[in-house]
Amino acid sequence: MSLIKLISLKKNLLIMKNSVIFIIVLLISTSLFSQPVKINPYSKSEDLKSGLTISQDILQADSIITFQFISPTDSFINKKEYNTFDEQNQINRYESWTWNNNSESWRKYAGIQQQIGDTTIITYNNWDADSGVFIPTGKAKLIEQDQYFGYYYFYYMPSNQTFIGQSKNEEWFNSEGNDSLYIEYNFNSGLNQWDNKSKTEYKYDTLQNLTEENGFGWKDTYWELNRRTENGYDTLGNLTFTIHYMGIFGILNNSTRYLFTFDSLNNRVNIRLFLFNNNQWNNERNTSYQFDDMNRNILILEEKWNANDNEWNNERKILMEYEDVEKSAKKITALSTKNSFFNWNSTSQEWIPDYESTNVLNEIGLSEEWWGKSWETNSETWRNFYKYSYNWNIENRLMLLQVNSTKNSEAEDWNANSKKYYYYNGINVFQSVSSELLKTVVLFPNPATDFVNVMQQTPKNINLKVFNLSGQLLVQSKLSGTNNPVNISSFNKGTYIFIVSDDTTSQSFKIMKF
């Protein structure tokens, strides 16, 4: 399991159990990709995990090339990323080169992963230009067993070429796979040992609903209780209340309380927040979530308590619209196609637009375009400020991500900021790294339909030959410009070999035509 996926999974599980606030923020933060939520958004549901399938495909690209635009028509290669995989199709080496304009050189980084039984070792390295080799900066050790997960991090000491412990996290699970104990440690270099830092203990009912969570801090020789969370549920397993306590010298005091009500008839969830002060619970905030008949969140309404008038006042609302699309075999969940944010104006007693995002989906629910615009209160007009464009191949894998921005209010004024090209055909953009030709030339898109662009970061005279898999020469040309389009519209569907060369070296690229 890769470091990115493993740490993200473990931390997300812990965060969701540690704080109900996280879930509230997650539901509010729907400006980009809103996921459908069950009528009880706190229940365990496979639907909530389905969005990971898209990002996982991006991570499985062989190479990723990023172009940075310095004008509407001029760009340069800003970053190159490359992955290699083990026999289980897990990334075992990640390498990135980022162009530094000041030094006019590549800043290089490499992460190398090694699997030994249930232990994963990941070494982080930075390129040392003086010695011409990668120098370690740190190392992570991950141990994953049936009911245990451990994460150790060590930093590298160049003076004696050794790794020194820095932090350690250990997590234990019950037989149902839920957290039972989580402990954090710091490394004591003076005593050469791991010292306790903090721990969290979890309790569950017979249905494996989290009922209590106790947090402790280490005090030299003992654990001191410093926080507690209690949860209550109805007979259907719906969360009905959450109370947070904060501790001082081991004594717990009321802090915040959430009450949850579920209106299954009207597909509505209501969450009310109370703060404890003056020895009593006081209203603070009320948030309502409205769902459609497909259990998709279509409205979030936030209200704040007005103690002076003893009433709830509107504060903010979010409207979400959806386009029904068929789910692919990858179980990609339908995304919201439009999110509109409003703020309440207490003076005019009306909702004022704040922000709006639009998401254009293809026939299987993948995003093709997403852009946002903000409301200019003074001029009472919308201002476009960024747009993302996605191109997917026939296997539903991302091939191109383009980021655009504008300083004007008209959509025609979109300017490209950057482009990312994703390659899945075993292309290694770091082969023969000593070759100056390879460092400055890239071919895109791949797969292609009509044209393949041969891009040079530094224009020079180069030669291009294109062969089919039978060895037949189809194209022979001399190129010298920054962007050189090669017309392949007459080619049959299939794989072709592009060979780029200069006076001293050559490099081949495998390009698919579809």
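Scroll up for the structure.
Residues numbered from 1 in each chain as written. Predicted model: local features only at pLDDT ≥ 70, side-chain atom pairs only at ≥ 80, totals over all residues. Heavy atoms only, no water.

### Re the pattern of salt bridges
Evaluation of the coordinates by the stated rule reveals 14 salt bridges. When the shortest N-O distance is used, the salt bridge between R228 and E212 registers 3.9 Å. Here R228 is found in strand β12 (residues 222-233), whereas its partner E212 is found in strand β11 (residues 210-219), with 16 residues between them in sequence. On the basis of relative accessibility, which here comes to 23%, the residue R228 falls in the partly exposed class. Salt bridges here are not isolated pairs; linked through shared partners, they connect K203, E212 and R228. (Salt bridge = Lys/Arg side-chain N within 4 Å of Asp/Glu carboxyl O. Helix = DSSP H or I, 4+ residues; strand = E, 2+ residues; numbered from the N terminus. Buried < 20%, exposed > 50% of the residue type's maximum accessible area, 1.4 Å probe, protein only.)

### Side note on the sheet that holds strand β25 (residues 441-444)
Reading across from one edge, β25-β26-β29 is the order of the 3 strands in this open sheet, with antiparallel pairing throughout. With partners counted over all chains shown, the strands left at the sheet margins are β25 and β29 (483-487), one partner each. Neighbour-to-neighbour, the strand axes of this sheet turn through a mean angle of 20°, independent of strand direction. As paired elements, strand β26 (residues 451-456) and β29 share 5 bridges and run antiparallel to each other. Following the sheet pairing, F451 is matched in β29 by N487. (Pairing = 2+ DSSP bridges. Axes fitted to C-alpha atoms, helices over the stretch in contact; angles between N-to-C directions.)

### Some points on the sheet that holds strand β31 (residues 506-513)
Ordered by their spatial adjacency, 4 strands build an open sheet running β28-β27-β30-β31, and the pairing between neighbours is antiparallel. Since the sheet does not close on itself, it has two edges, and those belong to β28 (473-479) and β31, each with one partner. The mean angle between the axes of side-by-side strands here comes to 20°, regardless of whether they run parallel or antiparallel. Pairing geometry for strand β27 (residues 462-468) and strand β30 (residues 494-501), over 6 bridges, is antiparallel. Bridging across to β30, N468 finds its partner in Y496.

### With respect to the nonpolar core
Counting residues in each nonpolar core, the largest one holds 26 residues, and the members touching the most others are I271, Y289, Y390, L398, Y422 and Y424. Sorting the residues of this core by element identifies β14 (251-263), β15 (268-277), β16 (280-291), β18 (311-322), β22 (381-392) and β23 (398-405) as the ones contributing at least two each. I462, L464, V486 and F498 belong to the second largest nonpolar core, which has 18 residues in total. (Core = buried A, V, L, I, M, F, W, Y, C linked by side-chain atoms within 4.5 Å.)

### Things to note about the packing of aromatic side chains
Taken as a whole, this structure holds 25 aromatic pairs when the rule is applied. A ring pair is formed by Y386 and Y388, whose centres lie 6.0 Å apart and whose planes are at 75°; its orientation type is edge-to-face. Taken together, the aromatic side chains of F341, Y355, W370, F385, Y386 and Y388 make up a single cluster linked through ring pairs. The ring of F216 has K199 sitting right over it, with the charged end atom 5.1 Å from the ring centre. A cation sits over an aromatic face here: R257 above F274, 4.6 Å from the ring centre. (Phe/Tyr/Trp six-rings, centres within 6.5 Å; stacked < 30°, edge-to-face > 60°. Lys NZ or Arg CZ within 6 Å of the ring centre and 35° of its normal.)

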